[in-house]
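What follows is the residue order along each chain.
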Amino acid sequence: MDQLSAGVPVMIHLETHIKQNDDVSDYQLDVDGQLVQMGANMYLRYLEPNNDTGEQTPVTMKFTPEGEVHLTRNSEAELRLHFISGKRVTARYNTPYGVMPIETVTPYLETSFKEKPFSGNVKIDYLLYAGEELVGNYKIRLQFTA
């Protein structure tokens, strides 16, 4: 685990299931990333490609020893989500038009990590709210291997 402080290249497989009203969409991504340990926290970083524009969005997932997960997407609009199992948490969505308050409710959150070979498995089911209005129901399934 000592090499984690310098960063370890990892292969990432991500599946996202999104349900918004009656629309359902599934998204899959296989991409190279990097895992870094800073203090007690681990950070998984990767670039998410946009097939329409050719641009890449930097994404960071922070894992805390308490089992919390923070997800940050930095593009024209910056999205910061915070997941705590069983809790409703205020989040932030910075758009070019201003900050939009949002909240996540996380009914299911599971993270597991192995040392040899270094790998991880992340499962997050969450509801996204803007005010009292349900925006969508999301499921993230992510695996990575060094």
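Just above, that's the structure.
Residues numbered from 1 in each chain as written. Predicted model: local features only at pLDDT ≥ 70, side-chain atom pairs only at ≥ 80, totals over all residues. Heavy atoms only, no water.

Chemist: What exactly am I supposed to notice about the nonpolar core here?
Modeler: Across soluble globular proteins, you tend to see nonpolar side chains buried next to one another. Of all hydrophobic cores here, the largest spans 30 residues; its most connected members are Leu44, Met61, Leu81 and Ile124. Setting aside anything within four residues of it in sequence, one finds Ile124 in contact with Met61, Val69, Phe83, Thr106, Tyr108, Leu109, Tyr138, Lys139, Ile140 and Arg141. (Core = buried A, V, L, I, M, F, W, Y, C linked by side-chain atoms within 4.5 Å. Buried < 20%, exposed > 50% of the residue type's maximum accessible area, 1.4 Å probe, protein only. Contact = heavy atoms within 4.5 Å.)

Chemist: Sorry if this is basic, but what is going on with the pairing of strand 7 (residues 88-95) here?
Modeler: Looking along a regular strand, one sees side chains alternate from face to face of the sheet. Where strand 6 (residues 78-83) and strand 7 come together, three bridges link them in antiparallel fashion. Across the sheet, Glu78 pairs through a bridge with Asn94, a residue of strand 7. Between strand 6 and strand 7, which pair antiparallel one after the other, the connecting turn spans four residues, and Gly86 there sits at a positive phi close to 75 degrees. Two successive antiparallel strands, strand 7 and strand 8 (residues 98-114), enclose a turn made up of two residues. (Pairing = 2+ DSSP bridges. Helix = DSSP H or I, 4+ residues; strand = E, 2+ residues; numbered from the N terminus.)

Chemist: I would appreciate a short explanation of the pairing of strand 4 (residues 56-63) in the present structure.
Modeler: Pairing of strand 3 (residues 41-49) with strand 4, which is carried by eight bridges, proceeds in the antiparallel orientation. Looking at the pairing, Tyr43 lines up with Lys62 of strand 4. Hairpin connection from strand 3 to strand 4: six residues lie between these consecutive antiparallel strands, with Gly54 at a positive phi of about 80 degrees. Across five bridges, strand 4 lies against strand 5 (residues 69-74) in antiparallel orientation. Looking at the pairing, Val59 lines up with Arg73 of strand 5. In this antiparallel pair of consecutive strands, strand 4 and strand 5, the connection spans five residues, and Gly67 shows a positive phi of 90 degrees.

Chemist: I would appreciate a short explanation of the pattern of salt bridges in the present structure.
Modeler: Side chains bearing opposite charge may pair, as long as their charged atoms lie close to each other. One pass over the structure, following the stated rule, counts six salt bridges. In this structure, the salt-bridge partner of Lys139 is Asp125, at a minimum N-O distance of 3.5 Å. Of this pair, Lys139 sits in strand 10 (residues 133-145) while Asp125 sits in strand 9 (residues 119-130), and the two are 14 residues apart along the sequence. Classification of Lys139 by relative accessible area gives partly exposed; the value is 34%. Under the relative-accessibility criterion, Asp125 is labelled buried at 12%. Close ionic contact of Asp125 with Arg141 constitutes a salt bridge, the shortest N to O distance being 2.8 Å. Here Asp125, found in strand 9, pairs with Arg141, found in strand 10; they are 16 residues apart in sequence, far enough to count as distant. Connected via shared salt-bridge partners are Glu78, Arg80 and Arg92. (Salt bridge = Lys/Arg side-chain N within 4 Å of Asp/Glu carboxyl O.)

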